[in-house]
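Okay, here's what each chain looks like letter by letter:
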Amino acid sequence: MAVLDKKQNDKKLFLGGRLKRLRRDLGVTQARMAEELGVSPSYLNLLERNQRPVTAQILLRLADAYDLDLRSLSADDPGGGAGLEEVLADKMFADLGVSRHEAAEVAELSPGLAEAMSRLYRAYLDRGRLIDLGVFERPDGAGASEQSPTDWVRDLVGAQRNHFAELETLAESIVAQLKADPQDLGPAVRERLQTKFSVQTRIMPVEVMTGSLRRYDHHRKRLMLSETLAPASRLFGMCYQLGLMEGEAVLSDLTDRFKAPDRATRQLLKVFLDGYLAAAIMMPYEPFLAAMEASGYDIERVRPRFGVSYEQAAQRLTTLGRSGARGVPFFMMRLDAAGNISKRFAAGPFPFSRFGGACPRWNVHDSFKTPGRIVTQVIETPDAARYFTLSRTVRRVSGLHSGLEDELVVGLGCELKYVGKLVHARGLDMSAPITVEIGPSCRICERPACPQRAAAPINRTLLVEENSKSLSPFPFVL
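Residues numbered from 1 in each chain as written. Predicted model: local features only at pLDDT ≥ 70, side-chain atom pairs only at ≥ 80, totals over all residues. Heavy atoms only, no water.

Overview of the overall build of the protein chain
Step number 1: When helices and strands are tallied, the protein chain shows 18 helices and 11 strands.
Step number 2: Accessible surface for the protein chain amounts to roughly 25200 Å². Of this, 52% is attributable to carbon and sulfur atoms. (Helix = DSSP H or I, 4+ residues; strand = E, 2+ residues; numbered from the N terminus. Areas by Shrake-Rupley, 256 points an atom, 1.4 Å probe, with all protein chains shown as cover.)

Here it is, written out as structure tokens:
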């Protein structure tokens, strides 16, 4: 049996990270390891969290129970900390100012995380070398950016809480010049395009549009909209074109300010910002917020007043972040029957993964069973935060063939503390609501015993036992 040297006996060993990693590598639960070491599960939990030192007796029991070389658990091994320190020395992390002590502490408490970062960084360097060698094609003008244009713009919008004050001000100026009632904005926008910019607006047959919903002909100065578009979508198309022409300088300055990494990302950002401007023209900030507040955020009641669709109004709710005149900070997701997410915006906290789909326990998926009806739910995330959500189906015309439509679901939600403002929560007991525990995404959710789990967490070991069957189809070692 290995013998502990004097140096190791003279100091306290806090090996929580290594102990936890060992247990997971062995595929055993805390209860089983505690039994084999002759300690209580609660004591083992304290050891893993570095709230108790690992004694010589525990080390000897580990060596005996699992046939270990005690040197593998030595706290003097600097490998993980040194590797992480090397990663964090890269210039991309220079502004974070991570000290050697912090790197060593992370490596000690979470050696698996330190190793994961090292592997990811190694893959990043290897790919960069392969790009330099011509194995992979470098994106147009992208330089070192590996992030897709969609993800880059989505991250930027999230960082801004989906609110752009300059565009709100510009929209209010345009609306003031139009001098039109919100319910009858279309004719005023069409006339403005014609009189100021000599742009004609035409509703065109599907056959002529050849797969497009909106197209602008620069030479003929003609805006063409597909006949399959609903009135609210036609209005959006006209406001989009008007915003592009009225606000070219503001849109370009704002786009330049955010310094997109390549041409494709810059173009996508500008398209998003002009779409934001179009929505702000259709639903001016102050009147829209006032109408929502007065109605208890009843979208169906308010949207006819502005001639917009349910989805357009729902997305506009996520932009009401003006200083001194904020609305309820909603988050919004749009997804199809397969769970693919095509939109996600948030004016406040967002309880789901940025990359995966929605949790199957969120009843947003049930909306497909009750088309057109509002479905509500109170959900609780792993950090014990609670949200009130409401979902309903919307229909989107594809534009390829008349009558061909996609059914999607729009889910909205906000923190439970705002529920008193919502008409859809009236009559519900919010002092002790029925709450459904959800997670961000199966691959990163650590809730045990979930019958709807579609995959084991990526940071947990799958627990397979031939003599029992668990409630979850993917049980894992806690």
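Considerations on the pattern of salt bridges
Step number 1: Following the criterion strictly, the structure yields 18 salt bridges and no others.
Step number 2: A salt bridge links Arg322 to Glu172, with the shortest nitrogen-to-oxygen separation between them at 3.1 Å. With a gap of 150 residues between them, Arg322 in strand S4 (residues 321-322) and Glu172 in helix H10 (residues 165-178) connect regions that are remote in the sequence.
Step number 3: On the accessibility criterion, Arg322 (18% relative accessible area) is buried.
Step number 4: A salt bridge links Glu380 to Arg386; its shortest N-O distance comes to 2.9 Å.
Step number 5: On the accessibility criterion, Glu380 (16% relative accessible area) is buried.
Step number 6: Connected through salt bridges with shared partners, the residues Glu172, Glu286 and Arg322 form a single ionic network. (Salt bridge = Lys/Arg side-chain N within 4 Å of Asp/Glu carboxyl O. Buried < 20%, exposed > 50% of the residue type's maximum accessible area, 1.4 Å probe, protein only.)

Here's the deal with the side chain of Gln241
Step number 1: Relative to the elements of secondary structure, Gln241 occurs in helix H13 (residues 231-246).
Step number 2: Residue Gln241 is classed as buried on the basis of its relative accessible area of 3%.

What about helix H9 (residues 149-159)?
Step number 1: The set of residues buried in H9 consists of Trp152, Val153, Leu156 and Val157. Along the axis of H9, the buried positions cluster into a sector of 130°, meaning they face one direction only.
Step number 2: On its buried side, H9 packs onto helix H15 (263-282) and strand S7 (341-346). (Arc of directions from axis to C-beta. Contact = heavy atoms within 4.5 Å.)

Side note on empty space enclosed by the protein
Empty space among the atoms can be located by rolling a probe the size of a water molecule over them.
Step number 1: Following the criterion strictly, the structure yields 2 cavities of 30 Å³ or more and no others.
Step number 2: Put simply, the largest cavity is a space of about 110 Å³.
Step number 3: As for the largest cavity, its lining consists of 14 residues, of which Cys359, Arg361, Gly439, Cys445 and Cys450 are closest to the centre.
Step number 4: Counted by class, the lining of the largest cavity contains 7 nonpolar, 3 polar and 4 charged residues.
Step number 5: Of the voids in this model, the second largest cavity is the one considered here, and its volume is about 50 Å³.
Step number 6: Considered class by class, the residues forming the lining of the second largest cavity number 7 nonpolar, 1 polar and no charged. (1 Å grid on protein atoms, 1.4 Å probe; cavity = no way out; pocket = protein on both sides within 12 Å on 5 of 7 lines; lining within 4 Å. Points joined across faces, edges and corners; volume = space filled by probe spheres on them. Nonpolar A, V, L, I, M, F, W, Y, C, P; charged D, E, K, R; others polar.)

Regarding the nonpolar core
Step number 1: In this structure, Ile281, Phe288, Leu317 and Leu412 are the most contacted members of the largest nonpolar core, which totals 70 residues.
Step number 2: Sort the elements by how many residues they give to this core and H15 lands first, with 10 residues.
Step number 3: Apart from residues lying up to four places away in sequence, Leu412 is in contact with Ile299, Tyr310, Ala314, Leu317, Phe330, Phe331, Met332, Phe388, Thr389 and Leu390. (Core = buried A, V, L, I, M, F, W, Y, C linked by side-chain atoms within 4.5 Å.)

Here we look at the pairing of S7
Step number 1: In this sheet, S7 lies alongside strand S6 (residues 331-335) in antiparallel orientation, the contact comprising 5 bridges. In the sheet register, Arg334 faces S7, and the bridge partner there is Lys343. (Pairing = 2+ DSSP bridges.)

Comments concerning the side chain of Gln312
Step number 1: Among the structural elements, Gln312 can be located in helix H18 (residues 310-317).
Step number 2: Discounting residues that sit within four places of it in the chain, Gln312 has contacts with Ala232, Ser233, Phe236, Met282 and Met283.

Remarks on the layout of surface pockets
Step number 1: Estimated volume of the largest pocket: approximately 1600 Å³.
Step number 2: Along its surface, the largest pocket is lined by 46 residues, and Phe236, Glu311, Gln315, Arg334 and Lys343 are the ones closest to its centre.
Step number 3: Only H9, H13, H15, H18, S7, strand S9 (386-397) and strand S10 (405-415) provide two or more residues apiece to the lining of the largest pocket.
Step number 4: Tallied by class, residues from the lining of the largest pocket come to 22 nonpolar, 12 polar and 12 charged.

Observations regarding the packing of aromatic side chains
Step number 1: All chains considered together, the criterion is met by 9 aromatic pairs.
Step number 2: When the ring of Phe272 is compared with that of Phe345, the centres are 6.1 Å apart and the planes differ by 25°; the resulting orientation is stacked. Separated by 73 residues along the polypeptide, Phe272 in helix H15 and Phe345 in strand S7 bring together distant segments of the chain. Phe345 matches Phe272 in its accessibility class, with the two residues each being buried.
Step number 3: Look at Tyr297 and Phe330: their rings are 5.6 Å apart centre to centre, the planes differ by 55°, and that puts the pair in the tilted class. With Tyr297 in the loop between helix H16 (285-295) and helix H17 (299-306) and Phe330 in the loop between strand S5 (325-326) and S6, the pair connects residues that are 33 residues apart, well separated along the chain. (Phe/Tyr/Trp six-rings, centres within 6.5 Å; stacked < 30°, edge-to-face > 60°.)

A word on the packing of helix H3 (residues 30-37) against helix H5 (residues 56-66)
Step number 1: Between H3 and H5, the shortest axis-to-axis distance is 9 Å and the interhelical angle comes to 105°. It follows that H3 is roughly perpendicular to H5 by the angle criterion. Note on element contacts: H5 touches H3 through Arg61, Leu62, Ala65 and Tyr66, opposite Met33, Glu36 and Leu37.
Step number 2: Residue composition of the contact of H3 with H5, grouped by class: 5 nonpolar, no polar and 2 charged. (Axes fitted to C-alpha atoms, helices over the stretch in contact; angles between N-to-C directions. Parallel < 35°, antiparallel > 145°, perpendicular 65-115°, else oblique.)

So, the environment of Ala280
Step number 1: Inspection of the secondary structure assignment puts Ala280 in helix H15.
Step number 2: Ala280 sits in the buried class, given a relative accessible area of 1%.
Step number 3: Once the C-alpha coordinates of Ala280 and Gly243 are considered, the two residues, 37 residues apart in sequence, prove to be 9.8 Å apart.
Step number 4: In this structure, Ala280 is in contact with Glu168, Ala171 and Arg316, ignoring residues within four places of it in sequence.

A few points about the sheet that holds strand S1 (residues 200-204)
Step number 1: The 3 strands lie next to each other as S1-S3-S2, forming an open sheet whose pairing is mixed. At either end of the open sheet lies a strand with only one pairing partner, and these are S1 and strand S2 (214-217). Averaged over all pairs of adjacent strands, the angle between strand axes in this sheet comes to 20°, irrespective of strand direction.
Step number 2: One ladder, built from 4 bridges, connects S2 with strand S3 (residues 222-226); its direction is antiparallel. Note that in S3 the partner of Tyr216 across the bridge is Leu223.

Taken by themselves, the reported measurements are silent on function.
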